[in-house]
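Residue strings, one per chain:
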Amino acid sequence: MNIRGVLVRLHRYAGLSIAAFLIIAGLTGSTIAFNVELDTALNPELFTTSTRGPALSASALVARVEHQLPAATVTLVPLHLDPGRAAELRVAPRSGDLDFDEVFADPVSGKVLGTREYGAAIFSRANIIPLIYIFHYSLK
């Protein structure tokens, strides 16, 4: 085989490899452009609430969540809450380990709706969008 044949094959396979990378980056990027909407559609039990009324203050919400989850301490609480949408709180373990780092709570009652570990390599409905998000940003 001559040098031209080698270069043609090299060009072909380099182009196919780059194309595969760009397709994966494009598909995951277009998915995470709508990550909030997709996550809400896939997990309505975590993101939506049916209770109406004034939302608890941030400190009252934190107190109620920590009372329900004594092994966790809240590290991040949203200050703006949309009506009908659950509050997404970040938590850390008080001591030992937790199998979650994100808590979803009703902002009116303070009831914990669910938990998940953000970006855990678990192929479940609750974890698929965070997993795609982290995978996309790991493609550097």
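Since we're looking at a predicted model, the values are computed, not measured. (Residues numbered from 1 in each chain as written. Predicted model: local features only at pLDDT ≥ 70, side-chain atom pairs only at ≥ 80, totals over all residues. Heavy atoms only, no water.)

A. Geometry of the side chain of Asp39. Mapping Asp39 onto the fold places it in helix H2 (residues 35–42). Judged by its relative accessible area of 5%, Asp39 is buried. A polar contact is formed between the side chain of Asp39 and the side chain of Asn43, at a distance of 2.8 Å. (Helix = DSSP H or I, 4+ residues; strand = E, 2+ residues; numbered from the N terminus. Buried < 20%, exposed > 50% of the residue type's maximum accessible area, 1.4 Å probe, protein only. Polar contact = N/O pair within 3.5 Å; in protein donor to acceptor, adjacent residues only side chain to side chain.)

B. Representation of the side chain of Asn127. Relative to the helices and strands, Asn127 resides in the loop between strand E4 (112–116) and helix H5 (128–137). A polar contact is formed between the side chain of Asn127 and the backbone oxygen of Glu117, at a distance of 3.0 Å. Among the polar contacts listed, one links the side chain of Asn127 to the side chain of Ser124, at a separation of 3.0 Å.

C. Seen up close, the pattern of salt bridges. Under the counting rule described, the total for this entry stands at six salt bridges. For the salt bridge of Arg116 with Asp39, the shortest nitrogen-to-oxygen distance reads 2.8 Å. Here Arg116, found in strand E4, pairs with Asp39, found in helix H2; they are 77 residues apart in sequence, far enough to count as distant. The network of salt bridges with common partners includes Asp39, Arg90, Glu102 and Arg116. (Salt bridge = Lys/Arg side-chain N within 4 Å of Asp/Glu carboxyl O.)

D. The sheet that holds strand E1 (residues 72–76), seen in detail. Strand order in the open sheet made by the four strands is E1-E2-E3-E4, with antiparallel pairing throughout. This sheet does not close on itself; its edge strands, each paired only once, are E1 and E4. The average angle at which neighbouring strand axes cross in this sheet is 40 degrees, direction not considered. Judged from the four bridges that link them, strand E3 (residues 102–105) and E4 form a sheet pairing that is antiparallel. (Pairing = 2+ DSSP bridges. Axes fitted to C-alpha atoms, helices over the stretch in contact; angles between N-to-C directions.)

E. Representation of the environment of Arg9 within the structure. With respect to the element layout, Arg9 can be found in helix H1 (residues 3–32). Arg9 sits 42 residues away from Thr51 along the chain, and the two C-alpha atoms are 63 Å apart.

F. Molecular detail of H2. Listed as buried for H2 are Asn35, Asp39 and Thr40. Buried residues of H2 fall within an arc of 125 degrees about the axis and therefore sit on the same side. For H2, the exposed residues lying more than 90 degrees away from the buried face are Glu37 and Ala41. As for H2, its buried residues are in contact with H1, helix H3 (44–47), E4 and H5. (Arc of directions from axis to C-beta. Contact = heavy atoms within 4.5 Å.)

G. Molecular detail of a nonpolar patch on the surface. On the surface, a nonpolar cluster with roughly 570 Å² of combined accessible area is contributed by Met1, Ile3, Val6, Leu7 and Leu10. Here Leu7 is to be found in helix H1. (Patch = residues over 30% accessible without salt bridge, like charges linked within 9 Å, V, L, I, M, F, W, Y side chains within 5 Å. Areas by Shrake-Rupley, 256 points an atom, 1.4 Å probe, with all protein chains shown as cover.)

H. Highlighting the confidence of the model for the protein chain. Per-chain confidence: the protein chain averages 93 in pLDDT, with 100% of residues scoring 70 or above. Per-element averaging of pLDDT across the protein chain places H5 at the bottom with 93 and E3 at the top with 97. (pLDDT = per-residue confidence, 0-100.)

I. Seen up close, the packing of H2 against H5. Relative orientation of the contacting elements H2 and H5 amounts to 155 degrees, with a least axis distance of 9 Å. Between H2 and H5, the crossing angle belongs to the class labelled roughly antiparallel. Residues Asn35, Leu38, Asp39 and Leu42 of H2 pack against Ile128, Ile129, Pro130 and Tyr133 of H5. Residues that form the contact of H2 with H5 fall into these classes: six nonpolar, one polar and one charged. (Parallel < 35°, antiparallel > 145°, perpendicular 65-115°, else oblique. Nonpolar A, V, L, I, M, F, W, Y, C, P; charged D, E, K, R; others polar.)

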